[in-house]
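Here's the letter readout for the chains.
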Amino acid sequence: MNEEEKQELPSTEAESTSADVVNWEEKAEGYRNDYLRALADTENLRKRHEKQVEDARNYAVDRFARELLPVIDSLELALASPVEGAEGIAQLRQGLENTLTLFAQALGKAGIAPIEMGEGRFDPHLHQAIAMVETEGDANRVLAVHQKGYLMHDRLLRPSMVSVSKAPKAAE
């Protein structure tokens, strides 16, 4: 190898090294761009998800509210109609019963149902005792329902307010 070839060799190595650096810089820039795109996509996905959650929260009762509109219409109609004499009172009562039926149907479509008494036994998961009454017979029987309780599907919305029997005290 002559000297010219030796001198050209380092410059070729320098050019090769320079080309490698440029190639790595291009790759790094490509990775950086990919990272920035992925970051932007993630941010857009997060914002879209937040918007969907907010919409779901704001409009979750939309269908239920639509079911209640006929109930409101019926009550407004009852308030607007004049009540005169026994026949008017009977008509008003019938209208209120119809409105209550409409309301119960709307609640039923939303999965809301009153708690059924079943055997009349006190169930602390469904009832709230507001009074204990000494009576003959079995203890822990529901004697009276003061306010109905309601379930939404399998979840308790409100317990039934009840009076419960208790065994009489033994004579001393």
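What counts and how
- Residues numbered from 1 in each chain as written.
- Predicted model: local features only at pLDDT ≥ 70, side-chain atom pairs only at ≥ 80, totals over all residues.
- Heavy atoms only, no water.
- UniProt positions renumbered as here; feature names shortened; annotations may be inferred.
- Helix = DSSP H or I, 4+ residues; strand = E, 2+ residues; numbered from the N terminus.
- Buried < 20%, exposed > 50% of the residue type's maximum accessible area, 1.4 Å probe, protein only.
- Pairing = 2+ DSSP bridges.
- Axes fitted to C-alpha atoms, helices over the stretch in contact; angles between N-to-C directions.

As annotated in an unreviewed UniProt entry, the protein is Protein GrpE from Acidithiobacillus ferrooxidans. Per UniProt, the comment on the protein under Subunit (unreviewed entry) is "Homodimer." Its UniProt record gives the protein the following Subcellular location (unreviewed entry) comment, quoted word for word: "Cytoplasm".

## Description of the environment of glutamate 116
The residue glutamate 116 is located in the loop between strand E1 (112-114) and strand E2 (127-134) in this model. Here glutamate 116 falls in the exposed class, since its relative accessible area comes to 63%. Taking the C-alpha atoms as reference points, glutamate 116 and leucine 126, 10 residues apart in sequence, are found 9.6 Å from one another.

## Quick notes on the pairing of strand E6 (residues 160-166)
Strand residues, when the strand is regular, have side chains that alternate between the two faces of the sheet. Burial within E6 is extensive, with five of its seven residues counted as buried. Pairing of E2 with E6 involves seven bridges; the strand directions are parallel. Residue pairing for E6: histidine 127 is matched across the bridge by serine 160. In this structure, strand E3 (residues 142-147) lies alongside E6, joined through four bridges in antiparallel fashion. The partner of valine 142 across the bridge, within E6, is valine 164.

## Focus: the sheet that holds E6
With respect to topology, three strands assemble into an open sheet ordered E2-E6-E3, the strand pairing being mixed. A single partner strand is all that each edge strand has here, and the edge strands are E2 and E3. The average angle at which neighbouring strand axes cross in this sheet is 25°, direction not considered.

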